[in-house]
Amino acid sequence: GIQVEQSPPDLILQEGANSTLRCNFSDSVNNLQWFHQNPWGQLINLFYIPSGTKQNGRLSATTVATERYSLLYISSSQTTDSGVYFCAVDVDSGAGSYQLTFGKGTKLSVIP
Amino acid sequence: DVKVTQSSRYLVKRTGEKVFLECVQDMDHENMFWYRQDPGLGLRLIYFSYDVKMKEKGDIPEGYSVSREKKERFSLILESASTNQTSMYLCASSLKRVWVEQYFGPGTRLTVT
């Protein structure tokens, strides 16, 4: 099956710093989604981004589908950004399988 | 805002008990999903449903069943709970046309003793 690798696995930032999280995938994908899981376990969807670039406040994401990667940028990080960031992909099977494959996540800790 | 609620935040059950986990969404989403999340294994899909009374197995359906009698409600059933089903259970919902854009509930942390 498709492999989804996220890097780095762990990241510690000083408040106010910027960061880039990476998601590599081993096969063509139909769709890609970024999620944030806060320290209380709630998963929040950030971006639906099968290709191109999107921005939402201090967060932005870029997916280059032809090169099989996606990047999540966090600027001016805040302590509330702490948690685990997951990317999840849908394999380009053409079958409408409704199954996402999740990466193992990047654990971000923002310290004051 | 989409709201997905789960019946319990924490649950402790004994081995062999029948366990019901309930999930309700208020946005008229066609799709609903049940995942479990375990350290080192990430999120894994147990079952999903794309319409009332319709269900499909995910990656790890063994030991679980589901029920979707109404569009807004999706139930996960552990027929006979076992200790290896101790986990965080997450429910999600989405529109059919953008099914990957899933909205998650707060999760139920189930402990089976």
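Below is a summary of the structure that appears in this document. Not measured: the values here are computed from a predicted model. (Residues numbered from 1 in each chain as written. Chains lettered and ligands numbered in written order. Predicted model: local features only at pLDDT ≥ 70, side-chain atom pairs only at ≥ 80, totals over all residues. Heavy atoms only, no water.)

This part covers the state of the cysteines. Disulfides are covalent bonds that link the sulfur atoms of two cysteine residues. All chains considered together, the criterion is met by 2 disulfides over all chains. Disulfide pairing places Cys23 of chain A opposite Cys87 of chain A at an S-S distance of 1.9 Å. One disulfide, between Cys23 of chain A and Cys87 of chain A, carries an S-S torsion of 65° and so falls in the right-handed class. Here Cys23 of chain A is found in strand 3 (residues 19-25), whereas its partner Cys87 of chain A is found in strand 9 (residues 83-91), with 64 residues between them in sequence. With respect to burial, Cys23 of chain A and Cys87 of chain A carry one shared label: buried. Disulfide pairing is shown between Cys23 of chain B and Cys91 of chain B; the S-S distance is 1.9 Å. Looking down the S-S bond of the Cys23 of chain B and Cys91 of chain B bridge, the torsion is -75°, so its handedness is left-handed. Of this pair, Cys23 of chain B sits in strand 3 (residues 19-25) while Cys91 of chain B sits in strand 9 (residues 87-94), and the two are 68 residues apart along the sequence. A residue is classified by how much of its surface remains accessible, and Cys23 of chain B, at 0% relative accessible area, is buried. (Disulfide = S-S within 2.5 Å. Helix = DSSP H or I, 4+ residues; strand = E, 2+ residues; numbered from the N terminus. Buried < 20%, exposed > 50% of the residue type's maximum accessible area, 1.4 Å probe, protein only.)

What follows is about the interface of chain B and chain A. Contact residues are listed per partner, giving 24 residues for chain B and 18 residues for chain A. Sorting the residues of chain B by area buried against chain A places Trp99, Val100 and Phe104 of chain B first, and these three jointly supply 33% of that buried surface. Where chain B packs against chain A, one counts 0 salt bridges. At the level of elements, strand 4 (31-38), strand 5 (42-51) and strand 10 (103-104) of chain B are the ones that each hand at least two residues to the side of chain B that touches chain A. Looking at the side of chain B that touches chain A residue by residue, the classes come out as 13 nonpolar, 6 polar and 5 charged. (Contact = heavy atoms within 4.5 Å. Buried area = accessible area lost by both parts, 1.4 Å probe. Salt bridge = Lys/Arg side-chain N within 4 Å of Asp/Glu carboxyl O. Nonpolar A, V, L, I, M, F, W, Y, C, P; charged D, E, K, R; others polar.)

Moving on to the packing of aromatic side chains. Per the counting criterion, the structure on display carries 8 aromatic pairs over all chains. Considering the side-chain rings of Phe35 of chain A and Phe104 of chain B, the 5.4 Å spacing of their centres and the 90° angle between planes classify their relative orientation as edge-to-face. Here Phe35 of chain A, found in strand 4 (residues 29-37), pairs with Phe104 of chain B, found in strand 10, and the two come from separate chains. Judged on exposure class, the residue Phe35 of chain A and its partner Phe104 of chain B are both buried. Taken together, the aromatic side chains of Phe35, Phe86 and Phe102 of chain A together with Phe33, Tyr35, Phe48 and Phe104 of chain B make up a single cluster linked through ring pairs. (Phe/Tyr/Trp six-rings, centres within 6.5 Å; stacked < 30°, edge-to-face > 60°.)

This next bit is on the pairing of strand 9 of chain A. Residue and element names in this part refer to chain A. Of all 9 residues that make up strand 9, 7 are buried, and the element is covered over most of its length. In this sheet, strand 9 lies alongside strand 4 in antiparallel orientation, the contact comprising 8 bridges. Residue pairing in the sheet places Leu32 in a bridge with Val89 of strand 9. Where strand 9 lies against strand 10 (residues 101-102), 2 bridges are found, and the strand directions are antiparallel. Across the sheet, the residue bridging to Val89 is Thr101, located in strand 10. (Pairing = 2+ DSSP bridges.)

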